[in-house]
Structure formats: C-alpha cells, structure tokens
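Listed below are the residues making up each chain.
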Amino acid sequence: TAAAVSVPRSACRAALPFPAPLKLQGRVALPRRALPGAPRQRLVARCAAADDSAAAAELPIEKRFAAFPTVMDINQIREILPHRFPFLLVDRVIEYKAGEYAVAIKNVTINDNFFPGHFPERPIMPGVLMVEAMAQVGGIVMLQPEVGGSQDNFFFAGVDKVRFRKPVIAGDTLVMRMTLTKYQKKFGLAKMEGKAYVGGDVVCEGEFLLISATGK
C-alpha cells in the first residue's frame, strides 16, 4: 500500500495530473477521471488542508475571531435593569428570545472594584457576584414587557443547586445563559435555570427563583 505524502501547496496542482481533453467533432470534451485509489485521495485531502491552514496563518490573529453580536447594548440594558455602577454586571446581551431565555456577557477586567480585595495577589471574581450577574440576565427576561414584566425592581426569592466549577479571573469573558422554566404572572415569580461559561467551559450553574417588586 502506498504511503501518504505531504506536498507543499504550490505543488498540489502539479502533483495531480488530469488526462488531456479530447476533441470530439469540433468540441472539447473532458473524459471521466479514472478512480485514483486511496493514495491519490489522501493527497487531495492534504492539499485542501494545506490551503485552509495557509489561509488561517496569513490572517492576522486580531482578525481571526469574530466579536460577540449585540442584541442589546449597555444603554438598552440600563433601560431595563435598575442596577447601576458598581453593581451592574451585564455588559451586552448577545442572544434573546422574549419569554424564554437571554444570553449575555460580562467582561471581567482588573479594573472591577472587587479585585483589590478578592484577592490582591490572585484576582478572582467572587462566586456570589457570578450568581448576581446571572440573576441580572434573568431579570432581563423577567422584566421584559413581552412576558408581562414590570420593568421595575426584582429580588432573589431563592437559589438552589449552585455549583462553581472553575475560577473566573481578570481578562475572562463571562458568558451567561438564563432560561425561564416557569413564570407565575399573578405572583410575579420566575423560576430559571442558569449556566455561565468561560471559553466554552461551565464555570457556574444553578437554579434561580426571582420575584418582581410589584408582583404582589
């Protein structure tokens, strides 16, 4: 069995010869390609992979990664949530479906006011503030008019099954998804499931119970 070989991108076209075209009654017809066998197929795959790798390498790193989309910017978030500095912990909503869920981000920076004390030598975002940030994302779902929300204050009524999986440090982007699982409009109660991620890994998760300040 022939072994697969690596060839430079410039040699790919030369390494894959095709039969010469045939002239049929004044027209040029390309004959069907003969089945090349496994070694030639691997050569084609390597050439395609070389093209993709070269294209990625030629693109500067600052242009390789797309930014998060913006469904709600900070000004729109401030119109919904009553929180303000230093306790507004949601920077942007990147996905939202009224009455169902919201996905938002918190850019964690060394300038956040909790880092000087938590901890001076090892800045880690406090777990309770991760929970608070997730609750604020839940508040965006709960307080929206589409689900009968009041666009007013809301409070924790309970948290359950909260787990912290990994530390969140300065420089991380905390991506939070809050999903509404039950809403009792009469009492202003919302039950939600939440997960927070950094780089695709779960760093915090739990169940949340929120209540509107004007729910009763």
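As a reminder, the structure under discussion sits directly above these lines.
The text that follows walks through the structure, step by step, so that each part is easy to find. Note that the structure is a prediction, hence the values are computed from the model and not measured.

What counts, and where the lines are drawn
Each residue is numbered by its place in its chain's sequence as written, counting from 1. Since the coordinates come from a predicted model, pLDDT governs what is reported: local features require at least 70, and pairs of side-chain atoms require 80 or more to be given and counted, while whole-chain, interface and lining totals use all residues. The side-chain figures draw on all heavy atoms in the structure; neither hydrogens nor water molecules are used. Nonpolar cores were defined as sets of buried Ala, Val, Leu, Ile, Met, Phe, Trp, Tyr and Cys residues, with membership established by side-chain atoms within 4.5 Å. Working definition: with a 1.4 Å probe on protein chains only, accessible area under 20% of the residue-type maximum means buried, over 50% means exposed, and in between means partly exposed. In this description a helix means any DSSP run of H or I spanning at least four residues, a strand means any run of E spanning at least two, and both kinds are numbered starting from the N terminus. Two residues form a contact once any of their heavy atoms are found within 4.5 Å. Stacked, tilted and edge-to-face pairs are distinguished by plane angle, under 30 degrees for stacked and over 60 for edge-to-face with tilted covering the rest, among Phe, Tyr and Trp rings (Trp via its six-membered ring) whose centres lie within 6.5 Å. Geometrically, a charge over a ring is one whose NZ (Lys) or CZ (Arg) sits within 6 Å of the ring centre while staying within 35 degrees of the ring normal.

The next subject is the nonpolar core. Counting 40 residues, the largest nonpolar core has Ile 77, Met 125, Ile 140, Val 168, Leu 174, Met 192 and Val 203 as its most contacted members. Breaking this core down by element, the ones donating at least two residues are α3 (74-80), β3 (92-97), β4 (101-107), α4 (127-142), β6 (173-184), β7 (189-198) and β8 (201-212). Take this core: its biggest share by element is 10 residues, from α4. If we ignore the near neighbours within four places in the chain, the residues touching Ile 77 are Met 72, Leu 88, Val 90, Asp 91, Arg 92, Val 93 and Ile 140.

For the rest of this paragraph, the subject is the environment of Thr 109. Residue placement: Thr 109 occurs in the loop between β4 and α4. In this structure the C-alpha to C-alpha distance between Thr 109 and Asp 172, which are 63 residues apart in sequence, comes to 7.4 Å. In this structure, Thr 109 is in contact with Phe 115, Ala 170 and Gly 171, ignoring residues within four places of it in sequence.

What follows concerns the packing of aromatic side chains. As enumerated under the stated definition, the model contains two aromatic pairs in all. Consider the rings of Phe 156 and Phe 208, whose centres lie 6.2 Å apart with planes at 20°: the pair is stacked. Of this pair, Phe 156 sits in strand β5 (residues 154-164) while Phe 208 sits in strand β8; the two residues are 52 residues apart in sequence, bridging distant segments of the chain. Sitting over the face of the ring of Tyr 101, Arg 177 holds its NZ or CZ atom 5.0 Å from the ring centroid.

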